[in-house]
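Results of the structural survey
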Amino acid sequence: MRPYVQAIDTLTPCPCGNTAGYARCCGLLHEGGHAFTAEQLMRSRYSAYVLKREDYLLATWHASTRPATLKLGAQQPAPSWLGLTVKRHESANDEATVEFIARLRYGGGKAQRMHEVSRFVREHGLWFYVDGEFPEAKSGED
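The residue numbers shown here count from 1 along each chain, following its written sequence. With pLDDT at 70 or above as the cut-off, local features in this predicted model cover only qualifying residues; side-chain atom pairs require 80 or more to be listed or tallied, and sums for whole chains, interfaces and linings still use all residues. With hydrogens and water excluded, all non-hydrogen atoms of the structure serve as input to the side-chain values.

Among all residues except glycine, the phi angle is most often negative; among peptide bonds, the trans geometry is most common. Of the consecutive residues Gln 76 and Pro 77, the connecting peptide bond is found in the cis state with omega at -5°. Helix numbers and strand numbers start at the N terminus; a helix is a DSSP run of H or I with at least 4 residues, a strand a run of E with at least 2. Tracing the chain through its elements places Pro 77 in the loop between helix 3 (54-59) and strand 1 (79-92). Within the chain, Lys 52 stands out as a residue other than glycine whose phi angle is a positive 60°. Mapped onto the fold, Lys 52 is located in the loop between helix 2 (38-51) and helix 3. A relative accessible area of 23% places Lys 52 in the partly exposed class. Even without a glycine there, the phi angle at His 124 is positive, about 55°. Relative to the helices and strands, His 124 is located in the loop between strand 3 (112-123) and strand 4 (126-133). Throughout, exposure labels follow a simple rule: accessible area from a 1.4 Å probe, protein chains only, divided by the maximum for the residue type, with under 20% read as buried, over 50% as exposed, and the rest as partly exposed.

Our next topic: the sheet that holds strand 2 (residues 95-106). The rule for pairing is simple: two strands pair if DSSP sees at least two bridges between them. Ordered in space as 1-2-3-4, the four strands form an open sheet in which the pairing is antiparallel. Each having just a single partner strand, strand 1 and strand 4 make up the two edges of the open sheet. Going across the sheet, the axis of each strand differs from the next one's by a mean of 30°, ignoring polarity. Pairing analysis gives twelve bridges linking strand 1 to strand 2, with the strands arranged antiparallel. From the neighbouring strand, Gly 83 faces strand 2, where its bridge partner is Arg 103. In the packing of helix 2 onto the sheet, contacts are made with strand 1, strand 2, strand 3 and strand 4, and the angle to strand 1 comes to roughly 165°. Angles run from 0 to 180 degrees between N-to-C directions of axes, and those axes are lines fitted to C-alpha atoms, restricted for helices to the stretch in contact. Between two residues, a contact is recorded if the distance between any of their heavy atoms is within 4.5 Å.

Right, dumping it as structure tokens:
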């Protein structure tokens, strides 16, 4: 078994929000499948954070910006991921942008929102996460 990997019931909704279930959604990508869109890759990366799949996150991170490690298992307190909302997905040729909000909580603290606009590139038919920007929250934004 992989260290720090959280078990998941394959019949429950996927962590990314797909009701088809993990085994029919992000699980396919985590076990070697390929994302057809940058949004699909972003959703699978969110699920990988939920499940502490550092191997998958690093493999889908573009080599030009990939860190050596993420140390997900060492995070204290570990985040509890509460949900994902994709706001937009734009794609042109081999570049794409996905804007999303991930909700999380650290320990028993207050729930937080991580709003990111992520950049992706496709090389040799495979999508990779490049980097992201964190826009400031606007009043009334959800």
